[in-house]
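As a plain string of letters, each chain reads:
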Amino acid sequence: MKFALKFEIFIKRLWLKLTGKKRSYLRAGKCLRCGKCCRSISILLNGEKISDLKEFETLKAQEPEYEIFQPCGTSEDGIIIFRCLKQRGNLCSIHNDRPEICRDYPDLYLMYSGAELIEGCGYVLAAPYDFEEIYKKKLKQSKKNR
């Protein structure tokens, strides 16, 4: 199951690279080491956020690296929120060996599927182009074509 999701992400990234297409937003900023992302984790299974503990048990059976995550609540829309058992204070006790889900945070694919950055996170999602700049260029082109 996880392989299919990884393959889908790989194909999307490869297509963007080969076609020269730009993402609709870019990740910028840096980790502030606040640990908030380790206490409020959404996990995907087959491209969907987990909302059933049975789904999580299935995922752990297939991918033992997910054993380090523990359910700690649910969101308003019924999505299970997890926390990492390897967090010590605000730091990761297995930082050099952390799973891919942690290495990739904030993963742009998750953002495309509706996840949001945790409030106060040092990362931001920014448009790759300045809207004002694009608008002015299009306006100039439009006036020239009249």
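Up top is the structure these notes are about.
Structural notes, computed from the coordinates. (Residues numbered from 1 in each chain as written. Predicted model: local features only at pLDDT ≥ 70, side-chain atom pairs only at ≥ 80, totals over all residues. Heavy atoms only, no water.)

## Brief notes about the overall build of the chain
Scanning the chain from terminus to terminus reveals 6 helices and 8 strands. Along the chain, helices and strands appear, N-terminal first, in the series α-β-α-β-β-α-β-β-β-β-α-α-β-α. Among the 146 residues that make up the chain, the fraction classed as buried is 25%. Considering only intrachain contacts with a sequence separation of at least 6, the fraction spanning at least 24 residues in the chain is 63%. Here the chain has roughly 10,500 Å² of accessible surface; of this, 53% comes from carbon and sulfur atoms. (Helix = DSSP H or I, 4+ residues; strand = E, 2+ residues; numbered from the N terminus. Buried < 20%, exposed > 50% of the residue type's maximum accessible area, 1.4 Å probe, protein only. Contact = heavy atoms within 4.5 Å. Areas by Shrake-Rupley, 256 points an atom, 1.4 Å probe, with all protein chains shown as cover.)

## Some remarks on the pattern of salt bridges
All chains considered together, the criterion is met by 1 salt bridge. Of the charged contacts, one joins E57 and K60 as a salt bridge, the two residues approaching to 3.3 Å between their closest N and O atoms. With E57 and K60 both in helix 3 (residues 53–62) and 3 residues apart, the pair spans about one turn of that helix. According to the relative accessible area criterion, E57 is partly exposed, its value standing at 45%. (Salt bridge = Lys/Arg side-chain N within 4 Å of Asp/Glu carboxyl O.)

## Notes on the pairing of strand 5 (residues 80–84)
Remember that side chains alternate between the two faces of the sheet whenever the strand is regular. Within strand 5, 4 of the 5 residues are buried, which leaves the element mostly enclosed by the surrounding structure. In this structure, strand 4 (residues 69–74) lies alongside strand 5, joined through 5 bridges in antiparallel fashion. Within strand 5, the residue paired with Q70 across the bridge is R83. Hairpin geometry of strand 4 and strand 5 is characterised by an intervening segment of 5 residues between the two adjacent antiparallel strands and by a positive phi of about 85° at G78. (Pairing = 2+ DSSP bridges.)

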